[in-house]
Amino acid sequence: MPTNLLVTGANGQLGNEMQRIVAANPGRVKAFFTDVDTLDITDANAVEAFVQQHSINVIVNCAAYTAVDRAEDDTALCTKLNVDAVVNLAKAARNHGARVLHISTDYVFDGYNCRPYEETDEPNPKSVYGVTKLQGERELLKYATDSIIVRTAWLYSPFGKNFVKTMLALGESRDTLSVVCDQVGTPTAAADLATAIFAIITADEWKPGIYHFSNEGAISWYDFTKAIHRIARISGCTVSPIKSKDYPTRAVRPFYSVLDKTKIKAAYGITIPYWEESLARCIAELKSCN
Ligand SMILES: NC(=O)c1ccc[n+]([C@@H]2O[C@H](COP(=O)([O-])OP(=O)(O)OC[C@H]3O[C@@H](n4cnc5c(N)ncnc54)[C@H](OP(=O)(O)O)[C@@H]3O)[C@@H](O)[C@H]2O)c1
């Protein structure tokens, strides 16, 4: 049976990379790329009608409420998108024999681990964003039990707003910059995540469950910023390490959120690039566009 693929949130970071990977593999899937203007996933009837009308077999949900700090004061909208809309997708999939691949986050964990988080580790989110993403996971599995959930972390890409683009801009415009050094995780190039998702949805076997995916390695935001500037050859900005307590944010973030990727590598034979290689590729692309 041909795969009729629905990608939601296709104008976001990951959605754009899904468009690129599908375009780079012509004929593998018939894809429908939608965003809020063409398919608002908070509209249950619209989701149901779309899945039915286009005989969708696989939904990749790249849409989400991703403004982590704003979510603390915007709980209703965050819940609508990260929980209720996921239920809409799950019910439509269940009603029409489609499968869902949904994206979740390292922020479902509290960050108190001292070894990479495995899929079986107990979540304990500390932010509204993390709480709603965890609820979304659980609701999805209630209605569409054969779903795949891929938790990822620290996403960046040439598209939209992200930490890499912000640090490049600040590095060019500021003499000094202070960045937190006590939060450790792994950056993820959205292009690498899209490649992994494409491998999953075109694999011979659909293996339901929760998987972790980020690039390889572990680093603090401070060290990441130093690497961004080094690779981009930005030398006029002094970057200093500071502690999270000296850089208060509206939402609490995990101190440690490195994800263990053993399961996804074994299940789908995926090779994951080291974070620095992928960062260099993204910066080269951004520079070539300027
Ligand atoms: N970004 C990260 O660092 C990070 C880290 C871990 C996990 N994740 C997860 O990874 C996934 C992809 O993240 P991302 O960074 O690619 O997100 P993103 O760039 O914020 O993209 C999300 C897309 O969803 C769209 N959207 C908003 N409301 C919608 C609606 N009602 N119906 C349909 N689409 C709607 C957004 O449109 P507008 O822009 O117009 O609102 C946007 O195009 C998400 O599940 C996120 O939780 C992200």
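Conventions adopted
- Residues numbered from 1 in each chain as written.
- Predicted model: local features only at pLDDT ≥ 70, side-chain atom pairs only at ≥ 80, totals over all residues.
- Helix = DSSP H or I, 4+ residues; strand = E, 2+ residues; numbered from the N terminus.
- Rg over C-alpha atoms; globule rule 2.2 N^0.38 Å.
- Buried ≥ 20, exposed ≤ 12 C-beta atoms within 10 Å, placed from the backbone.
- Contact = placed C-beta atoms within 7 Å.
- Axes fitted to C-alpha atoms, helices over the stretch in contact; angles between N-to-C directions.
- Parallel < 35°, antiparallel > 145°, perpendicular 65-115°, else oblique.
- Left-handed = near helix turned anticlockwise from the far one by under 90°.
- Nonpolar A, V, L, I, M, F, W, Y, C, P; charged D, E, K, R; others polar.
- Near = placed C-beta within 6 Å.
- Expected span 1.5 Å × (residues − 1).
- Bend = angle between axes of the 7 residues up to and from the residue.
- Pairing = 2+ DSSP bridges.

**Q** It is not clear to me how the overall build of the protein chain should be interpreted in this structure. Could you clarify?
**A** Secondary structure assignment for the protein chain yields 9 helices and 12 strands. Relative to the globule expectation of 19 Å for 290 residues, the C-alpha radius of gyration of the protein chain, 19 Å, shows essentially globular dimensions. For the protein chain, with 290 residues in total, the buried portion stands at 47%. Considering only contacts within the protein chain whose residues lie at least 6 apart along the sequence, 84% involve residues at least 24 apart.

**Q** Sorry if this is basic, but what is going on with the packing of helix α7 (residues 221-231) against helix α9 (residues 275-289) here?
**A** Two quantities define a packed helix pair, namely the angle between the helix axes and the distance between the axes. Relative to each other, α7 and α9 sit at 45°, their axes nearing to 10 Å. Considering their axes alone, α7 and α9 lie oblique with respect to each other. As α7 runs across α9, the sense of the crossing is right-handed. Contact residues: α7 offers Ala227, Ile228 and Ile231, while α9 offers Glu276, Leu279, Ala280 and Ile283. Tallied by class, residues from the contact of α7 with α9 come to 6 nonpolar, no polar and 1 charged.

**Q** I would appreciate a short explanation of the site of the ligand in the present structure.
**A** Residues in contact with the ligand amount to 25 residues; listed here are only the nearest, Gly9, Gly12, Gln13, Ala63 and Ala64. Where the shell around the ligand is concerned, the elements lending two or more residues are α1 (13-23) and β4 (99-105). Of the residues contributing to the shell around the ligand, the split by class is 11 nonpolar, 11 polar and 3 charged.

**Q** Whenever I open this one, helix α3 (residues 75-96) confuses me. Can you help?
**A** Three or four residues apart is the spacing at which side chains of an α-helix point the same way, because the helix has 3.6 residues per turn. Its 22 residues place the ends of α3 31 Å apart at the C-alpha level, agreeing with the 32 Å of an ideal helix rising 1.5 Å per residue. The largest bend in α3 comes to about 30°, at Leu81. In this fold, the buried residues of α3 make contact with α2 (44-53), β3 (58-61), β4 and α4 (128-143). Immediately beyond the C-terminal end of α3, within one or two residues, lies Gly97, with a positive phi of roughly 70°.

**Q** Quick question: what am I supposed to make of the sheet that holds strand β1 (residues 4-8) here?
**A** Either a parallel or an antiparallel arrangement is found when strands of a sheet pair, and the pairing is made through backbone hydrogen bonds. The strand order across the open sheet built from 6 strands is β2-β1-β3-β4-β5-β10, with neighbouring strands paired in parallel fashion. The sheet is open, and its two borders are formed by β2 (30-33) and β10 (209-212), each paired with just one other strand. Each strand of the sheet is rotated relative to its neighbour by a mean of 20°, with strand direction disregarded. By the bridge criterion, 5 bridges tie β4 to strand β5 (residues 148-152) in an arrangement that is parallel. Across the sheet, the residue bridging to Leu101 is Ile148, located in β5. On top of the sheet, α3 reaches β3 and β4; it is set at about 160° to β4, its chief contact. Strand contacts of α4: β4 and β5, with the helix running at about 160° to β4, the strand carrying the most contacts.

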